Amino acid sequence: MPLTEPAPAPALAERAPAPVPPLAARARTVGGSPVRDILAVTARPEVINFAGGLPAPELFDREGIAAAFEEVLAQSPAQALQYSTTEGEPTLRAALAARVTDRGLPTAPDDLLITTGSQQALSLLATALLEPGDTVLVEDPCYLAALQVFGLAGARVVAVPGDADGVDPAALEETVRRERPKLLYLVPTFQNPTGRTMPAPRRAAIAAVAARAGLWIVEDDPYGELRYDGEHVPWIASLPGAEDRTVLLGSLSKVMAPGLRLGWLRAPAGLRRACAVAKQAADLHTPTLNQLAAARYLPGLDAHVARIREVYGARRDALLAGLPDALPAGSRWNRPEGGMFLWVRLPPSYDTVALLPRVVEHNVAYVPGAPFYAGTPDPATLRLCFVTQTPEEIAEGLRRLERGLSG
């Protein structure tokens, strides 16, 4: 019986391509940053932008930073252009440890892990501490990018009730009992987005709750050196009961330059080692050249910080002076003692998300408050950043905001 040749298979190019596998669930469910989206829309130079949390670029110490890079490249080129240790360059860790110690928290270089911005520190902590489904407690409203990190980790994010001084300790204790969380995330000094500062007695009460409940505290402090008036408040990490359970995060972005992407994490040894392993998987180490240049620059940082405090304080005052004429009757706002942000609550009939396109038509922008809430949002709230513009630009921006809000 004669054999027949099998029909030839269709050429690979003729087959319909199979679909690629879907994105991970966390990438499908966690949205982008509304702040970044607003900045993209309002990037036109004619827009006075109160939306971003951007340091004033004209205040960057370009000469001082350039000199630090030039010295490093001239004196230590092989080291500066080479791989480094995951934990960070020893000279930078030593300089930062001395700076933290001087501010009231005894710290050794080995207590610190250098990170690529303090935002990376949050991601490393989420990797080291959180399993999908774990519960994280936050302030309400809360720093937006922290909500993104915890969402990508698959955590349940629960807002703790509070007031103008931040998280309420009694509400925290009740929420811990009910939710059995793994960590509490706070920005207690000049908080983003509200600008509020948690008083020392409340910090002590929060530390006591964490000690009783077996709770990690993540204390994020990117703005603490930007104080314009009032008294220094100790870190939670320095308080009795908090020493073995508080992770302190710091950054050079707001006081030196954000483009360097330099932050640090101070944590108990076991957690710090776990974060170092997570960093090895993420980026091996933070850029060596940037670390060495920052270490060279740090002895002069205090003088630079004093200069930007003076300028930013005047800009805060300019914004506060103009708000009564710019905002509708019945609006309320706070007076931050430092930082970069001020929080506004318009009358209840206003929806700042719906109003934003109309306001942008007047070449001014803010960030609506709703995305900052892990709980039920207040649609009448908004955040204003006061450090990027001059007092004259702030005054003009407020005139435009008044026109945009009034229709």
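A. Broad picture of the nonpolar core. In terms of nonpolar packing, the biggest core is built from 101 residues, with Leu125, Leu130, Phe150, Tyr185, Leu252 and Leu265 touching the most fellow members. Per-element accounting of this core gives the leading share, eight residues, to helix α12 (residues 301-326). Apart from residues no more than four positions distant in its own chain, Tyr185 is found in contact with Leu122, Leu137, Val138, Glu139, Cys142, Tyr143, Ala146, Phe150, Val218 and Asp220.

B. Broad picture of the packing of aromatic side chains. Summed over all chains, the structure comprises five aromatic pairs. Relative to Phe372, the ring of Trp343 has its centre 6.2 Å away and its plane inclined at 85 degrees; by these criteria the two rings are edge-to-face. Within this pair, whereas Trp343 is found in strand β12 (residues 341-345), its partner Phe372 is found in the loop between β14 (367-368) and β15 (381-385), the two being separated by 29 residues in sequence. Phe372 shares its class with Trp343; the two are buried. Here the aromatic cluster, defined as three or more aromatic residues joined through ring pairs, consists of Trp343, Phe372 and Tyr373.

C. Highlighting the environment of Gly338. With respect to the element layout, Gly338 can be found in the loop between β11 (332-333) and β12. By relative accessible area, Gly338 is classed as buried at 0%. C-alpha of Gly338 to C-alpha of Thr197: the two residues are 141 residues apart in sequence and 8.8 Å apart in space. Setting aside residues up to four positions removed in sequence, Gly338 forms contacts with Phe190, Leu226, Arg227, Tyr228 and Phe386.

D. The arrangement of the side chain of Arg245 in detail. Looking at the element boundaries, Arg245 is found in the loop between β8 (216-220) and β9 (246-251). A polar contact of 3.4 Å, which involves the side chain of Arg245, links it to the backbone oxygen of Gly241. Setting aside residues up to four positions removed in sequence, Arg245 forms contacts with Ala210, Ala211, Gly214, Leu215, Trp216, Ile217 and Pro268.

E. A look at the pattern of salt bridges. Applying the stated criterion across every chain, the model contains 26 salt bridges. Ionic pairing is found between Arg103 and Glu225, a salt bridge with its closest N-O pair at 3.9 Å. Here Glu225 lies in the loop between β8 and β9 and Arg103 lies in the loop between α5 (90-102) and β2 (112-115), a separation of 122 residues in the sequence. The exposure class of Arg103 is partly exposed, given its relative accessible area of 24%.

F. Representation of the packing of helix α8 (residues 169-179) against helix α9 (residues 200-213) within the structure. In contact at an axis separation of 9 Å, α8 and α9 are set at 15 degrees when each is read in the N-to-C sense. Of the possible angle classes, the one that applies to α8 and α9 is roughly parallel. When the axes of α8 and α9 are compared, the crossing they make is right-handed. Between α8 and α9, the residues in contact are Pro169, Leu172, Glu173 and Val176 and Arg202, Ala205, Ile206, Val209, Arg212 and Ala213, respectively. Its residues placed into classes, the contact of α8 with α9 shows seven nonpolar, no polar and three charged.

G. How the structure looks around the layout of surface pockets. Looking at the second largest pocket, its volume works out to about 500 Å³. Lining of the second largest pocket is provided by 24 residues; of these, Asp163, Ala164, Asp165, Arg196 and Asn334 occupy positions nearest its centre. Elements with a contribution of two residues or more to the lining of the second largest pocket: β5 (162-163), β11 and β12. Split into classes, the residues belonging to the lining of the second largest pocket amount to 11 nonpolar, five polar and eight charged.

H. Here's a closer look at the sheet that holds strand β3 (residues 135-138). With mixed pairing, the seven strands of this open sheet are ordered in space as β2-β10-β9-β8-β7-β3-β4. At either margin of the open sheet sits one strand with a lone partner, and together these are β2 and β4 (156-159). Taken pair by pair, the neighbouring strands of this sheet meet at an average axis angle of 20 degrees, ignoring direction. Running at roughly 115 degrees to β2, α5 makes contact with β2 and β10 (263-266) of the sheet.

I. Region of the structure containing the pairing of β9. Summarising burial for β9: six of the six residues are buried, a large majority. Burial of the side chains of β9 extends over both faces: Thr246, Leu248 and Gly250 are buried on one face and Val247, Leu249 and Ser251 on the other. For β8 and β9, the ladder comprises four bridges, and the chain directions are parallel. Residue Ile217 lies in a different strand from β9, and its bridge partner there is Thr246. Here four bridges tie β9 to β10, and the two strands are oriented antiparallel to one another. The residue of β10 that forms the bridge with Ser251 is Gly263.

J. Representation of empty space enclosed by the protein. Applying the stated rule across the entire model yields two cavities of 30 Å³ or more. Every element with two or more residues in the lining of the largest cavity is listed here: α5 and β9. Broken down by element, the lining of the largest cavity gets its largest block of residues, three residues, from α5. Grouping the constituent residues of the lining of the largest cavity by class yields seven nonpolar, three polar and four charged. Computed from the structure, the second largest cavity encloses a volume of approximately 50 Å³. Lining the second largest cavity we find Pro55, Ala56, Leu59, Phe60, Ser253, Lys254, Val255, Met256, His304, Ile308 and Tyr312. By residue class, the composition of the lining of the second largest cavity is eight nonpolar, two polar and one charged.

K. Broad picture of the sheet that holds β12. Taken in spatial order, the four strands of this open sheet run β11-β12-β15-β14, and their pairing is antiparallel. In this open sheet, the two strands that pair with only one neighbour each are β11 and β14. Sheet topology note: the β14/β15 ladder contains two bridges and is antiparallel. What sits directly across from Pro368, in β15, is Leu382.

What counts and what doesn't
- Residues numbered from 1 in each chain as written.
- Predicted model: local features only at pLDDT ≥ 70, side-chain atom pairs only at ≥ 80, totals over all residues.
- Heavy atoms only, no water.
- Core = buried A, V, L, I, M, F, W, Y, C linked by side-chain atoms within 4.5 Å.
- Buried < 20%, exposed > 50% of the residue type's maximum accessible area, 1.4 Å probe, protein only.
- Helix = DSSP H or I, 4+ residues; strand = E, 2+ residues; numbered from the N terminus.
- Contact = heavy atoms within 4.5 Å.
- Phe/Tyr/Trp six-rings, centres within 6.5 Å; stacked < 30°, edge-to-face > 60°.
- Polar contact = N/O pair within 3.5 Å; in protein donor to acceptor, adjacent residues only side chain to side chain.
- Salt bridge = Lys/Arg side-chain N within 4 Å of Asp/Glu carboxyl O.
- Axes fitted to C-alpha atoms, helices over the stretch in contact; angles between N-to-C directions.
- Parallel < 35°, antiparallel > 145°, perpendicular 65-115°, else oblique.
- Left-handed = near helix turned anticlockwise from the far one by under 90°.
- Nonpolar A, V, L, I, M, F, W, Y, C, P; charged D, E, K, R; others polar.
- 1 Å grid on protein atoms, 1.4 Å probe; cavity = no way out; pocket = protein on both sides within 12 Å on 5 of 7 lines; lining within 4 Å.
- Points joined across faces, edges and corners; volume = space filled by probe spheres on them.
- Pairing = 2+ DSSP bridges.

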